[in-house]
Amino acid sequence: MSLRLFRLLSLKESLEESQVIKFAMMSPVDVRERLTEMLYADLVQVREIPKGKQDYKPSNVLFFWNVNWANALSILIDRTYHATHNVLVRLNQELEENALLIQKFEEEQKNKEKSARMTEEERSKASWVKEIQERMEDAILSLDDTLFMLTDTTDSEKESRRL
């Protein structure tokens, strides 16, 4: 649901809370809850505009929400680096725990014959570890692509500000 609100706010420059509720087709309680969570996460910002000059009651104030792009990109880059680190740590852990098994499996694959040294259970586990290794390496490449796009976006924003 938060993603729906984030996308909506990204498409529309700035929306009043009632417009967000209407366009997102969500309950007011859910919208306020999600917007508050995104505000605390520094993904969105709120601008308060009083309806009148007399008093500053919440009922007499319009709240306009918009995406805080600079912070949102920074947070996404940090989280992507963190995810990449986690995948690398897990990959290294799996490889260290199963180093002997993988070595036996690769030797057996080179010789193209089943050796008596490996049981069927060991072969199965070794192929599973190799599959996990490939998936984690694919995940690292995907995260790297994401980082490239995010950092390219921040670089282009910095360039446009200089002009």
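Before reading further, recall that the structure is shown in the block above.
What counts and what doesn't
Residues numbered from 1 in each chain as written. Predicted model: local features only at pLDDT ≥ 70, side-chain atom pairs only at ≥ 80, totals over all residues. Heavy atoms only, no water. Helix = DSSP H or I, 4+ residues; strand = E, 2+ residues; numbered from the N terminus. Buried < 20%, exposed > 50% of the residue type's maximum accessible area, 1.4 Å probe, protein only. Contact = heavy atoms within 4.5 Å. Pairing = 2+ DSSP bridges. Axes fitted to C-alpha atoms, helices over the stretch in contact; angles between N-to-C directions. Phe/Tyr/Trp six-rings, centres within 6.5 Å; stacked < 30°, edge-to-face > 60°. Lys NZ or Arg CZ within 6 Å of the ring centre and 35° of its normal. Salt bridge = Lys/Arg side-chain N within 4 Å of Asp/Glu carboxyl O. Parallel < 35°, antiparallel > 145°, perpendicular 65-115°, else oblique. Left-handed = near helix turned anticlockwise from the far one by under 90°. Nonpolar A, V, L, I, M, F, W, Y, C, P; charged D, E, K, R; others polar.

Novice: Before we go on, may I ask you to explain the overall build of the chain in this structure?
Specialist: A count of helices and strands for the chain gives six helices and three strands. In the chain, the order of α-helices and β-strands from amino to carboxyl end is α-β-α-α-β-β-α-α-α. Per-residue burial for the chain yields a buried fraction of 28% across its 163 residues. Expressed as a percentage of contacts within the chain between residues at least 6 apart in sequence, the contacts between residues at least 24 apart total 54%.

Novice: Help me out: how do you make sense of the sheet that holds strand E3 (residues 61–67) in this one?
Specialist: Whether parallel or antiparallel, the strands of a sheet pair through hydrogen bonds between backbone atoms. Strand order across the open sheet formed by three strands is E1-E3-E2, with antiparallel pairing between neighbours. Every other strand in the sheet has two partners, leaving strand E1 (15–16) and strand E2 (44–50) as the edge strands with one partner each. With two bridges joining them, E1 and E3 adopt antiparallel strand pairing. Bridging across to E3, Leu15 finds its partner in Trp65. Against the sheet, helix H1 (residues 2–11) touches E1, E2 and E3, its axis set at about 95 degrees to E3. Contacting E2 and E3, helix H3 (residues 28–40) crosses the sheet at an angle of about 110 degrees to E2.

Novice: Can you walk me through the packing of aromatic side chains in this structure?
Specialist: Scanning all chains against the criterion turns up one aromatic pair. A ring pair is formed by Phe6 and Trp69, whose centres lie 5.6 Å apart and whose planes are at 70 degrees; its orientation type is edge-to-face. In this pair, Phe6 is assigned in helix H1 and Trp69 in helix H4 (residues 69–97), connecting sequence segments 63 residues apart. Residue class for Phe6 comes out buried when judged on its relative accessible area of 16%. In this structure Trp69 comes out as partly exposed when scored by relative accessible area, which is 40%. Over the ring of Phe23 we find Lys12; its NZ or CZ atom is 5.3 Å from the centre of that ring.

Novice: Which parts of the structure should I look at to understand the pairing of E3?
Specialist: The side chains of a regular strand alternate, residue by residue, between the two faces of the sheet. Bridge analysis of E2 against E3 gives seven bridges, and the strand direction is antiparallel. Bridge assignment links Ile49 to a residue of E3, and that residue is Leu62.

Novice: Would you explain the pattern of salt bridges in this entry?
Specialist: Pairing is possible between side chains that carry opposite charge, provided their charged atoms lie close to one another. For the structure shown, the criterion picks out seven salt bridges. Salt-bridge contacts for Glu17 lead to Arg32; the nearest nitrogen and oxygen are separated by 2.6 Å. Here the residue Glu17 occupies a position in helix H2 (residues 17–24), and Arg32 occupies one in helix H3, the gap between them amounting to 15 residues. Glu17 sits in the buried class, given a relative accessible area of 12%.

Novice: Where do I start with the packing of H2 against H3 in this structure?
Specialist: To characterise two packed helices, one gives the angle between the axes of the helices and the distance between these axes. Closest axis-to-axis distance for the H2/H3 pair is 10 Å, and the angle between their directions is 115 degrees. Relative to H3, the element H2 lies roughly perpendicular. The handedness of the crossing between H2 and H3 is right-handed. Mapping the contact onto sequence places Glu17, Val20 and Ile21 in H2 and Pro28, Val31, Arg32 and Leu35 in H3. By residue class, the composition of the contact of H2 with H3 is five nonpolar, no polar and two charged.

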